[in-house]
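One letter stands for each residue in the lines below.
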Amino acid sequence: MQKIKGTLIPIGGNEDKGIEADEMYTLEFIEEGILYHVVKEAGGIEANIVVIPTASSIPVEVGENYLTAFSTLGCKNVKILDIRSKEDSETEHAIDLIKNANCVMFSGGDQSKITDRIGNTTIHNILAERYKIEEGFVIAGTSAGAMAMANEMIAGGSASESFIKGAVNMYKGLSLIPELIIDTHFIRRGRFGRQSEAVAKFPNLIGFGLAEDTGVIIKNGKDCTVIGSGMVIVFDGNTLTHNNEKILEEGTPMTMANLTIHVLSNGDQYCVKNRKVTVLPIEAPFI
């Protein structure tokens, strides 16, 4: 299998954008925030960063927010690529921006819009290829932008109806990391049940539930390091001894026995390939 050289950074949504009134928090954002890590991985403040607010219902405002956030970090070369149709993904302008970017950042919103407008287009192919072969090339995504990185993508579903078969809706994502199913706003919106059902549907895959202002830096397509202020809940269905998802009728409560769950936070590491956790030593500084 070809070694993947690029970097993925899925983020759980609502990441700090450095717009606090208090200067102390702005300083923290510049020195420690998730977007700081995105910029660092992309090569620093001279990096060409392209923000794609396609998932958002207010793409202009979202684009402006990211321009401000990245400017606060000192970035000089940030562009917004506002894609609203498949045709927009095939323009020379879009192709040039994606070819020359060091980092592409997908905003939050509705993840289905990302795959409907960008999936299987020229820019999707360029993104996927560059991610495989180029060291230092970063694809980041927050909320919907993180969820779209998977192949089996959570497209929606009720948190209140969770643990009932049919509570989660699946769709095809951009397949940048097909081993994962990614869910976001995980703690705040109570999405434990919907991720459980997604993993019951695809027990060979690993579920990542990302809390807000929390991300994962993924290197080599497998080596994950948690960043940010919250937690990542990892669901490993490989250990299931009972999983009745296939035989249940929709609307029926589910049974899953021996599902493995890990709760990881800043600095903890997880290997997608061998499903191994490495926790940050107590004496080590946070990332």
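This write-up is about the structure you can find in this document. Source: prediction; values computed, not measured.

## Topic: the overall build of the chain
Tallying secondary structure elements over the chain gives eight helices and 17 strands in all. Relative to its length of 287 residues, the chain is compact, with a C-alpha radius of gyration of 18 Å against a globular reference of 19 Å. For the chain, the spread of C-alpha atoms along the three principal axes comes to 55 × 50 × 40 Å. Residues counted as buried form 53% of the 287 residues belonging to the chain. Sequence separation of at least 24 residues holds for 73% of the intrachain contacts in the chain that already meet a minimum separation of 6. Of the accessible surface of the chain, which amounts to about 12700 Å², a share of 51% is contributed by carbon and sulfur atoms. Mean positive and mean negative side-chain charge positions of the chain (26 and 37 charges, respectively) differ by 6 Å.

## Regarding helix α4 (residues 92-100)
Regarding α4, the residues found buried are Ala 94, Ile 95, Leu 97 and Ile 98. When α4 is viewed along its axis, its buried side chains cluster within an angular range of 165° and face the same direction. Away from its buried face, by an angle of more than 90 degrees, α4 presents the exposed residues Glu 92 and His 93. Of the surrounding secondary structure, the elements contacted by the buried residues of α4 are β2 (48-52), β3 (77-80), β4 (103-106) and α6 (122-133).

## Comments concerning the sheet that holds strand β5 (residues 138-142)
An order of β3-β2-β4-β5-β1-β10-β11-β16-β17 is seen for the nine strands of this open sheet, with the pairing classed as mixed. Of all the strands in the sheet, the pair left with one neighbour each is β3 and β17 (276-278). Strand-to-strand twist of the sheet, defined as the mean angle between neighbouring strand axes without regard to direction, takes the value 20°. Packed onto the sheet, helix α2 (residues 34-41) meets β1 (7-11), β2, β4, β5, β10 (214-219) and β11 (223-228) and runs at close to 170° relative to β1.

## Focus on the packing of α4 against α6
Remark: α4 packs on α6, axes separated minimally by 9 Å, with the N-to-C direction vectors making an angle of 5°. Between α4 and α6, the interaxial angle falls into the category roughly parallel. Where α4 abuts α6, its residues Ala 94, Ile 95, Ile 98, Lys 99 and Asn 100 lie against Thr 122, Ile 123, Ile 126, Leu 127 and Arg 130. Residue composition of the contact of α4 with α6, by class: six nonpolar, two polar and two charged.

## Concerning the environment of Glu 212
By the secondary structure assignment, Glu 212 is in the loop between β9 (206-210) and β10. Classification of Glu 212 as buried rests on a relative accessible area of 15%. As for Glu 212 and Val 138, which are separated by 74 residues in sequence, their C-alpha atoms are 20 Å apart. Each residue touching Glu 212, except ones within four places of it in the same chain, is listed here: Gly 12, Gly 13, Asn 14, His 185, Arg 188, Arg 189, Ser 229 and Gly 230. Within the local environment of Glu 212, its side chain forms a polar contact with the side chain of Asn 14, the two groups lying 3.0 Å apart.

## Brief notes about the pairing of β4
Burial along β4 is two-sided: the face carrying Cys 103 and Met 105 and the face carrying Val 104 and Phe 106 are both buried. Alignment of β2 against β4, held across four bridges, turns out to be parallel. When the bridges of β4 are listed, Val 51 appears paired with Met 105. Where β4 meets β5, four bridges bridge the pair, whose relative direction is parallel. Its bridge partner lying in β5, Cys 103 is registered against Val 138.

## So, the pattern of salt bridges
Following the criterion strictly, the structure yields 14 salt bridges and no others. Of the charged contacts, one joins Asp 223 and Lys 222 as a salt bridge, the two residues approaching to 3.3 Å between their closest N and O atoms. Take Lys 222: its relative accessible area is 27%, and that puts it in the partly exposed class. A network of salt bridges, in which partner residues are shared, links Lys 165, Glu 197, Lys 201, Glu 245 and Lys 246.

## Some points on the nonpolar core
Ranked by internal contacts, the top residues of the largest apolar core, which has 51 residues, are Ile 98, Phe 106, Ile 139 and Phe 208. Top contributing element to this core by residue count: α6, with five residues. Discounting chain neighbours no more than four positions away, the residues touching Phe 208 are Leu 180, Ile 181, Ile 182, Asp 183, Gln 195, Val 216, Cys 224, Val 232, Ile 233, Val 234 and Tyr 270. Judged by nonpolar contacts, the second largest core, of 23 residues, contains Ile 34, Ala 69, Val 78 and Ile 227.

How each quantity is defined
Residues numbered from 1 in each chain as written. Predicted model: local features only at pLDDT ≥ 70, side-chain atom pairs only at ≥ 80, totals over all residues. Heavy atoms only, no water. Helix = DSSP H or I, 4+ residues; strand = E, 2+ residues; numbered from the N terminus. Rg over C-alpha atoms; globule rule 2.2 N^0.38 Å. Buried < 20%, exposed > 50% of the residue type's maximum accessible area, 1.4 Å probe, protein only. Contact = heavy atoms within 4.5 Å. Areas by Shrake-Rupley, 256 points an atom, 1.4 Å probe, with all protein chains shown as cover. Lys, Arg positive; Asp, Glu negative; His and termini not counted. Charge placed at Lys NZ, Arg CZ, Asp CG, Glu CD. Arc of directions from axis to C-beta. Pairing = 2+ DSSP bridges. Axes fitted to C-alpha atoms, helices over the stretch in contact; angles between N-to-C directions. Parallel < 35°, antiparallel > 145°, perpendicular 65-115°, else oblique. Nonpolar A, V, L, I, M, F, W, Y, C, P; charged D, E, K, R; others polar. Polar contact = N/O pair within 3.5 Å; in protein donor to acceptor, adjacent residues only side chain to side chain. Salt bridge = Lys/Arg side-chain N within 4 Å of Asp/Glu carboxyl O. Core = buried A, V, L, I, M, F, W, Y, C linked by side-chain atoms within 4.5 Å.

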